[in-house]
Each structure stands twice: as C-alpha cells, then as structure tokens.
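An overview of the molecular structure
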Amino acid sequence: MHATFRRTASCPTVAVSLLLSAVTGLLSSAALAQEKTVDESAQGETLSAEASPPKKGAYLSDWFNQYLTLIGSKDISFGPQPADDVYLEYEYFGRKGPFELYGYIDAPKILGIGNSHDKGAWDHGSPLFMEHEPRISIDYLAGRSLAVGPFKEWYVAFDWIYDHGSRTANRANTLYSGLGTDIDTHSRVNLSANFYGRYQWENYGASNEYSWDGYRAQLKYIVPIDSFSNGASLTYIGFTNFDFGSDLHKDNPARTANATVATNVLLYSFTHLRFTLVGRYFHNGGNWEDGSELNFGEGNFRARSDGWGYYAGVGYQF
C-alpha cells in the first residue's frame, strides 16, 4: 500500500480526485513504503490486512485469500517530495498450519498516471514493488500454548520489502526479522505486534547498504464497525510502523535515525467487491528530515516528509 522528485503535475491530482469521487459514490449506494531517488516509484507499504475469515465456496481457496485492486494515491511521503500514482496491486493473506501469510505486489504507474516525482515500468522506473510479511507460529511448532497474560500466540516474524528499480542505484532490498505476537483485547478488536531488526541490502545508494541498521516496532489493529442488509461490511484497519536506531543521519544531516508511518483504512466489502479509503500520516518519511534543504540536480528544495497522504482503491477478491 513507490517516487521521484520533481514538480507535481496536475493530471494525477485530477485522476485521484476522480477515483475518490467514484469510490465515495459507490460507498453511499446501498446497492453496493526509505530513501527515494529520481527513478523510484514504489508505493511503500500495504494498505490493508485480513479483516474477515474466508467465505467457503466463494473463492478459489477456503484459506488463501487473494485480491486485485486499482489504487489511486496522493501526497505519499516515503521520500523527501510527495508522490502521486495510480497503480495495480495483487494482495494475499491466509493461515495454514504454523504459517501466517500476508503480502502484496504492486505494478507502479500502471496506467501512466503519476506526478513528475513518480516513475514506473513505462518511464525507466521500477516495474514492481513488493512486500511479504510471513509469520511462523512458535506455539504451533512447540505443540503447546505459550500464552503469557494477554499475549496469546508467539511468532517468528519477517517483513521483506523489495523495489526492483531499473538499475542498482534505484533499487531497494530490505529484510526485517524478529518476534511477533497476537494480543487478546477481550473485545472485537484484533490486535497484533511485531518487533524487528533491519538488514539492508540495496537502498538507492544510501550509506546503510549491506549492513544491520536499526529496528522497527509495528502495531496492527482491526476493528469491525458494522454489517449491512445488502451483505456489505465496514471495517477499520490500522497499523503503525515506528523505525528507530538507524545510522543514516550520521553521514547525512538531511536523514534521520527515526521515522513513523501511521495508516488508517476504511474497508467497505462485499463477498467479492471491496472499496478502500485510506489516510496515512508520515513523520520523517523514509528517514528524511522534514524541512531539510536538498538538491537532486534540478535546484534547491525543502523536503516535505511530514504530513498526510491519501489512497482510494476499488478491488475484487477471488
């Protein structure tokens, strides 16, 4: 739930506005991702997570859920200049034995729509961006419950993020690995947490490449809101990533040791159709210091890595 750094064009703003209007209209009807370089176009992070159990007989699999979603995004600040994009996303999740699976693969700028900071497969940018977050249940492998207080299940947790830039200088390859848990809230709220260490391979030429550099604390929460007589349901999904302990700032005063991204999703879904509206808040997005002065070869500008970004999506579950 992906950008380069030149002036923002007007066409993606119109495209995203139209997509937001279309989704808003459908919702009202009862019938219904670091350092960014000039050629990087990855969206950055997943927009949603498993919000309901699979409906047997409705999908290709009764445990492996899959989606295709067209997403419009605006003011996404994983780099020092916000990016707009319209992209296609394949998303999946499921639980089988000890394995809890979640991930997505994006085709950035698939319709050729995006601002001048955004590059995709058709303009020498990244043809794909992906993130995979598998967890392996320690309780299941041990054959017994390891619950402690509200921590009801424990996992070995991973988060692998890969941006296939058109060349090494605009490619990223990051692995977070650590420990995860599900938390019993004694309510309808589904809560989980992960704590990772980060190993960085390529990172758009940044100084932390090929090293262990920092940590991530992650919290995910899902709140069912309501279900409706037309068969639809409304769910709030949120997750917050707090990255800290990076050494990037030691070599570049425009970089930071810490970064925070907080994502808020409203998911309106039927058996197959689903609609998402997302507000995502960035603080030092991509470990860039907000307001720092930069120059990527086209004149000085001040980084905008704090603030809100928005997404709207229309998808199909199969």
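Residues numbered from 1 in each chain as written. Predicted model: local features only at pLDDT ≥ 70, side-chain atom pairs only at ≥ 80, totals over all residues. Heavy atoms only, no water.

The cut-off we apply is this: UniProt positions are given in the numbering used here, feature names are shortened, and annotations may be inferred rather than shown by experiment.
Going by the annotation in an unreviewed UniProt entry, the name recorded for the chain is Nucleoside-specific channel-forming protein Tsx, with Pseudomonas frederiksbergensis given as the source organism. The UniProt entry for the chain carries the following text under Subcellular location (unreviewed entry): "Cell outer membrane".

Topic: the environment of Ala58
Inclusion rule: Where helices and strands are cited, they refer to DSSP runs of H or I of at least four residues and of E of at least two residues respectively, numbered from the N terminus. In what follows, a contact means two residues having at least one pair of non-hydrogen atoms within 4.5 Å.
Note that Ala58 resides in the loop between helix H1 (11–28) and strand S1 (64–76). Discounting chain neighbours no more than four positions away, the residues touching Ala58 are Thr271 and His272.

Some thoughts on the packing of aromatic side chains
Worth spelling out the cut-off: Note on aromatic contacts: the rings of Phe and Tyr and the six-membered ring of Trp form a pair at centre separations within 6.5 Å, being stacked when their planes are under 30 degrees apart, edge-to-face when over 60 apart, and tilted otherwise. Only protein chains enter the accessibility calculation, which uses a 1.4 Å probe; a residue is then buried when its area is under 20% of its type maximum, exposed when over 50%, and partly exposed in between. Put simply, a charge is over a ring when the Lys NZ or the Arg CZ is close to the ring centre, within 6 Å, and near the line of the ring normal, within 35 degrees.
Evaluated as defined, the whole model comprises 19 aromatic pairs. Geometrically, the ring pair formed by Phe242 and Phe244 is stacked, given 5.3 Å between the ring centres and 15 degrees between the ring planes. Owing to a relative accessible area of 35%, Phe242 belongs among the partly exposed residues under this scheme. Under the relative-accessibility criterion, Phe244 is labelled partly exposed at 24%. Taken together, the ring pairs in this structure connect Trp63, Phe64, Tyr90 and Tyr92 into an aromatic cluster. Positioned over the ring face of Tyr155 is Arg135, at 3.8 Å from the centre of the ring. For Arg216, the ring lying beneath its charged end belongs to Tyr176, and the centroid distance is 4.2 Å.

Overview of the side chain of Glu153
Put simply, the rule is: Any N or O atom pair separated by 3.5 Å or less is treated as a polar contact, with the protein-specific requirement of one donor-capable and one acceptor-capable atom, and with residues adjacent in sequence counted only for side-chain atom pairs.
Here Glu153 is to be found in strand S6 (residues 151–163). Only 3.0 Å separates the side chain of Glu153 from the side chain of Arg95, close enough to count as a polar contact. In terms of polar contacts, Glu153 uses its side chain to reach the side chain of Ser137, at 2.6 Å. Sequence-distant contacts of Glu153, defined by excluding residues within four places in its chain, comprise Arg95, Ser137, Asp139, Gly180, Thr181 and Asp182.

Examining the pairing of strand S12 (residues 273–283)
Spelled out, the test is: Two strands make a pair as long as DSSP finds a minimum of two bridges between them.
Judged from the 10 bridges that link them, strand S11 (residues 259–269) and S12 form a sheet pairing that is antiparallel. Residue pairing for S12: Ser269 is matched across the bridge by Arg274. What sits between S11 and S12 in their antiparallel hairpin is a turn of 3 residues. Pairing between S12 and strand S15 (residues 307–317): 10 bridges, direction antiparallel. From the neighbouring strand, Phe282 faces S15, where its bridge partner is Gly307.

Thoughts on the pairing of strand S2 (residues 83–96)
Counting buried residues in S2 gives 10 out of 14 residues, a clear majority hidden from the surface. What sits between S1 and S2 in their antiparallel hairpin is a turn of 6 residues. Bridging between S2 and strand S3 (residues 99–107) involves 9 bridges; their strand directions are antiparallel. Bridge pairing in S3 places Arg95 opposite Glu100. Counted along the chain from S2 to the antiparallel partner S3, the turn is 2 residues long, and its residue Gly97 has a positive phi close to 60 degrees.

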